[in-house]
Amino acid sequence: MPTGYCTVDDVRRVLLETDIEFGSGALGAAGSQAVVDAIAGQTEWLRSQTTAHWYVPGGVAGDTQDLVPTAPREFGPETRDIPSTPHPQHSTTIQADRGRYPHRTAGPYCRIRLSRAGVDTLQSLTIRAANGGRTDWVAAADKQAPDEYELVSEASEPLPQSYLHLRAAALPPLRHYDHAVRVTYEYGIPELPDTIRRVVALRAAAELVADDEFQAAIPDSGQLVNVETKGQRFESAADDLLEPYRQHPI
């Protein structure tokens, strides 16, 4: 089932800026699936550009195609490094054959930034052991949140940042801590900002007006070139709106 971060009516409003009637041959009943497909495709593109997923638990009024997600998404397994140092910190037992030590950056915890915004639930959290095996701290009876680990979400604009805190004293001694963590989780922001709806609607509309079949279905009003130009403007406007949300390396 396709999902999208805007409704068909959102695309309707954008296209009316081109003076295209939504009920015309271009976007009548036969063309409604093309609109849904464009929304779904641009939603996938948007997720590739950001760290976020948006959803509305109760759905969105007027979303007759049930495009807008109503639940978080699963992501993972994500592999992360544990911050480490070659120097033992206070109260850390020195071992002659040990290469690295966990680096505490949040009180007694090692702090790891997760790649997705609004992490809601940890489904698994596996830590590499000295023998190369892995232990899932979420499932382990002797590893309890928030004593050994905790999930932290910090408010920031435009997206909340998510962190994993691991108690340094609970971590196994390793020669190095690269790729020591694998975590799977659910993430999402339980609202759909107007800006995101507008971005997807603009890009879906730009995709539609660039389609040859769509153009052929537009009544001949002598405005085709103008429609194509507006399609380019739609993309440009969408890119400007999306810029604060774009994914940055971590």
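Quantities reported herein were computed from a predicted structural model and do not represent experimental measurements.

Engineer: What's the story with the pairing of strand β5 (residues 119–128) in this structure? I'm lost.
Structural biologist: Remark: a regular strand shows side chains that alternate across the two faces of the sheet. Most of β5 sits out of view: seven of its 10 residues are buried. Strand direction decides the pairing type here: β5 and strand β6 (residues 134–136), joined by three bridges, are antiparallel. Bridge pairing in β6 places arginine 128 opposite arginine 134. The hairpin turn running from β5 into β6, its antiparallel successor, is five residues long, and glycine 132 in that turn takes a positive phi close to 95°.

Engineer: So what exactly am I meant to see when it comes to the packing of aromatic side chains here?
Structural biologist: Pairs of aromatic rings are described using the distance from one ring centre to the other and the angle between the two planes. Considering all chains together, one arrives at six aromatic pairs under this definition. Pairing tryptophan 54 with tyrosine 245 gives two aromatic rings, centres 5.9 Å apart and planes at 75°, and the pair type is edge-to-face. On the criterion of sequence distance, the pair formed by tryptophan 54 in the loop between α2 (32–49) and β1 (73–80) and tyrosine 245 in the segment after α5 (224–242) is long-range, its members being 191 residues apart. The burial state of tryptophan 54 is the same as that of tyrosine 245; both residues are buried. Three or more aromatic residues link up through ring pairs in this structure, and these residues are Tyr5, Trp54 and Tyr245. One Lys or Arg, arginine 111, reaches over the ring of tyrosine 163 and ends 3.6 Å from the middle of that ring. Positioned over the ring face of tryptophan 137 is lysine 143, at 4.7 Å from the centre of the ring.

Basis of the calculations
- Residues numbered from 1 in each chain as written.
- Predicted model: local features only at pLDDT ≥ 70, side-chain atom pairs only at ≥ 80, totals over all residues.
- Heavy atoms only, no water.
- Buried < 20%, exposed > 50% of the residue type's maximum accessible area, 1.4 Å probe, protein only.
- Helix = DSSP H or I, 4+ residues; strand = E, 2+ residues; numbered from the N terminus.
- Pairing = 2+ DSSP bridges.
- Phe/Tyr/Trp six-rings, centres within 6.5 Å; stacked < 30°, edge-to-face > 60°.
- Lys NZ or Arg CZ within 6 Å of the ring centre and 35° of its normal.

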